Amino acid sequence: MAYEDFQIIFINDGSPDNSGEICRNYAEADDTIVYFEKENGGVSSARNKGIDLAEGKYLMFLDADDTLSKKSLQAVYTFFEKHFDDTDLVTYSIDYLSENGKVTTHKRFDIMTCSGIYDVMANPNILQTTMNICVKNVIRSLRSAIAADLARLTWLRKISNIW
């Protein structure tokens, strides 16, 4: 998986600081980055806009105060590709850094002891409100299917006009 395989989308949801300018500069310098500015509508509104703009096979959310390890994207991508038919959502560890420098892992990972597929219904604590997840971009798949259906309908209309 190469750097060009990623699309990075920055959504500025009405931030009053200069983060919009920083993101815009990144987007102007790199074709893999998309920048979109909107009025503040909250985190769900910002994520929905990102989903609308996303063109990739998978969606992953990262908030302004989050970081990923250098291997995170490759690890999530590799797992998804290996288990694509069995998996709709991949989650990964959240580590909290306290003011005294102590690192603790989110409680959901007490039950997730290895890489594997978990039944969400049997393990409800796996999913919490935090968004350290990667999901299939079903919106992209639906758009492609709808576009293909529309193309077929147009083609069928042309054929029917011949008769």
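Residues numbered from 1 in each chain as written. Predicted model: local features only at pLDDT ≥ 70, side-chain atom pairs only at ≥ 80, totals over all residues. Heavy atoms only, no water.

## Some points on the overall build of the protein
The condition that has to hold: Secondary structure counts use DSSP, requiring at least four H or I residues in a row for a helix and at least two E residues in a row for a strand, with both numbered from the N terminus. Each residue gets one of three labels from its accessible area relative to the maximum for its type: buried under 20%, exposed over 50%, partly exposed in between, using a 1.4 Å probe on protein chains only. Surface accessibility follows the Shrake-Rupley procedure with a 1.4 Å probe radius. Residue values consider only the protein chains on display as shielding.
When helices and strands are counted, the protein shows four helices and seven strands. For the protein, the sequential pattern of α-helices and β-strands runs β-α-β-α-β-α-β-β-β-β-α. Burial statistics for the protein: of 163 residues in total, 24% are counted as buried. Total accessible area computed for the protein in this model is approximately 12,000 Å², and 55% of it derives from carbon and sulfur atoms.

## What to know about the confidence of the model for the protein
How we decide: The pLDDT value expresses, per residue, how confident the predictor is, ranging between 0 and 100. Residue contacts are defined here by distance: any two heavy atoms, one from each residue, within 4.5 Å place the two residues in contact.
Considering every residue of the protein, the mean pLDDT works out to 77; 67% of them sit at 70 or more. This model gives residues 156–163 a pLDDT under 50, and the stretch forms zero contacts once residues within four places in sequence are excluded.

## Remarks on the sheet that holds strand S7 (residues 133–136)
In a beta sheet, neighbouring strands pair by backbone hydrogen bonds and run either parallel or antiparallel. Rule in force here: Being paired, for any two strands, means DSSP has found at least two bridges between them. Axes here refer to lines fitted to C-alpha atoms; in helices the fit is confined to the stretch in contact. Angles between the N-to-C directions go from 0 to 180 degrees.
With respect to topology, three strands assemble into an open sheet ordered S3-S7-S4, the strand pairing being antiparallel. Of all strands in the sheet, those bounded by a partner on one side alone are strand S3 (58–60) and strand S4 (89–91). Between one strand axis and the next, the sheet turns through 20° on average, direction left out of account. Looking at chain direction, S4 and S7 are connected through three bridges and run antiparallel.

## Things to note about the side chain of aspartate 30
The condition that has to hold: The charge count treats Lys and Arg as positive and Asp and Glu as negative. His and the chain ends do not count. Each reported salt bridge corresponds to a side-chain nitrogen of Lys or Arg within 4 Å of a carboxyl oxygen of Asp or Glu.
Mapped onto the fold, aspartate 30 is located in the loop between helix H1 (19–29) and strand S2 (33–38). It turns out aspartate 30 is buried and unbridged, and the closest side chain with the opposite charge, arginine 24, is 16 Å from it.

## Here we look at the pattern of salt bridges
Considering all chains together, one arrives at four salt bridges under this definition. Taking the shortest distance from any N to any O, the salt bridge between aspartate 13 and lysine 38 comes out at 2.7 Å. Within this pair, whereas aspartate 13 is found in strand S1 (residues 8–13), its partner lysine 38 is found in strand S2, the two being separated by 25 residues in sequence. For the residue pair aspartate 13 and lysine 38, the accessibility class agrees, reading buried in each case.

## A look at helix H2 (residues 43–53)
Three or four residues apart is the spacing at which side chains of an α-helix point the same way, because the helix has 3.6 residues per turn. The test is simple: Each direction from the helix axis to a C-beta atom contributes to the arc, which is the arc of those directions.
Within H2, burial applies to Ala46, Arg47, Gly50 and Ile51. Looking straight down H2, one finds that the buried residues subtend no more than 140° of arc, so they occupy a single side.

## What about the pairing of S2?
So the rule is basically this: Looking down the strands as they point away from the viewer, one classifies a crossover as right-handed if the path from the first strand across the helix to the second runs clockwise.
Where S1 and S2 come together, six bridges link them in parallel fashion. Residue isoleucine 8 lies in a different strand from S2, and its bridge partner there is isoleucine 33. On the question of chirality, the crossover connecting S1 to the parallel S2 by way of H1 is right-handed.

## Quick word on H1
For H1, the set of buried residues is Gly20, Cys23 and Ala27. Viewed along the axis of H1, the buried residues span an arc of 70°, placing them on a single side of the element. In H1, the exposed residues that point more than 90 degrees away from the buried face are Tyr26, Glu28 and Ala29. Tucked into the core, H1 has its buried residues touching S1 and S2.

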